[in-house]
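A closer look at the structure
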Amino acid sequence: MGNQRNILLIIYGVLVFILGVLFVPVKKVWGPENNLTVQEVIYAPLWRLTNKSQDINGFNPIYELQTERLLYTIFIVTLLFFIIYIFLFQKENK
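If you're wondering where the values come from, they're calculated on a predicted model, not measured in any experiment.

Here we take up the nonpolar core. If you look at the biggest cluster of nonpolar residues, it comprises 6 residues: Val24, Val26, Ile42, Ala44, Tyr63 and Leu70. Those elements that place two or more of their residues in this core are strand E1 (24-30) and strand E2 (37-44). Those residues in contact with Val26, other than ones at most four positions away along the chain, are Glu40, Val41, Ile42, Ala44, Leu49, Tyr63, Glu64 and Gln66.

Written out as structure tokens, the structure reads:
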């Protein structure tokens, strides 16, 4: 049973890494300070947040990390893995 726990923990760690680093929710905005326009909402790697090579009508786009969506996603994944853990290993505790 200890081997199954390790496998479940490794799968959880890989999934949190993917969702927390490689596939984060990002909002791309641009425009003057008082009138920002949302161009797109995408999932992108963290290093894309610092892309300064683009120019849209004389403005550099700003990539904003949507922290709330990221935390909700990680919370839901953690909750699902906790439920799986409870159902798989509750017999061992009795």
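We are not done yet, so read on.
Enumeration according to the criterion identifies 2 salt bridges in this entry. Residue Glu64 is joined to Lys27 by a salt bridge in which the shortest nitrogen-to-oxygen separation is 3.7 Å. Remark: Lys27 occurs in strand E1 and Glu64 occurs in strand E3 (residues 62-65); sequence separation between them is 37 residues. You can call Glu64 partly exposed: its relative accessible area is 29%. The partner of Lys28 in a salt bridge is Glu40, and the shortest N-O contact between them spans 3.7 Å. Taken together, the positions of Lys28 in strand E1 and Glu40 in strand E2 put the pair 12 residues apart, joining distant regions of the chain. Note on Lys28: relative accessible area 4%, which makes it buried.

A turn of α-helix holds 3.6 residues, and therefore any two residues three or four places apart point the same way. Its 21 residues place the ends of helix H1 (residues 2-22) 29 Å apart at the C-alpha level, agreeing with the 30 Å of an ideal helix rising 1.5 Å per residue. Among all positions in H1, only Leu8, Leu19 and Gly20 are buried. Seen from one end, H1 has its buried residues packed into an arc of 90°, which puts them on one side. Of the exposed residues in H1, the ones pointing more than 90 degrees away from its buried face are Asn3 and Ile10.

In this section: the UniProt feature "transmembrane region" (unreviewed entry) in the chain. This chain's UniProt record puts "transmembrane region" (unreviewed entry) on residues 7-26 and 70-89. The distance separating the terminal C-alpha atoms of residues 70-89 is 28 Å; by composition the span is 100% helix and 0% strand.

Right, let's talk about the pairing of E1 for a bit. Of all 7 residues that make up E1, 6 are buried, and the element is covered over most of its length. When E1 meets E2, the two strands line up antiparallel, connected through 7 bridges. What sits directly across from Pro25, in E2, is Tyr43. In this structure, the hairpin formed by E1 and E2 is closed by a connection of 6 residues, where Gly31 is found at a positive phi of approximately 125°.

Conventions adopted
- Residues numbered from 1 in each chain as written.
- Predicted model: local features only at pLDDT ≥ 70, side-chain atom pairs only at ≥ 80, totals over all residues.
- Heavy atoms only, no water.
- Core = buried A, V, L, I, M, F, W, Y, C linked by side-chain atoms within 4.5 Å.
- Buried < 20%, exposed > 50% of the residue type's maximum accessible area, 1.4 Å probe, protein only.
- Helix = DSSP H or I, 4+ residues; strand = E, 2+ residues; numbered from the N terminus.
- Contact = heavy atoms within 4.5 Å.
- Salt bridge = Lys/Arg side-chain N within 4 Å of Asp/Glu carboxyl O.
- Expected span 1.5 Å × (residues − 1).
- Arc of directions from axis to C-beta.
- UniProt positions renumbered as here; feature names shortened; annotations may be inferred.
- Pairing = 2+ DSSP bridges.

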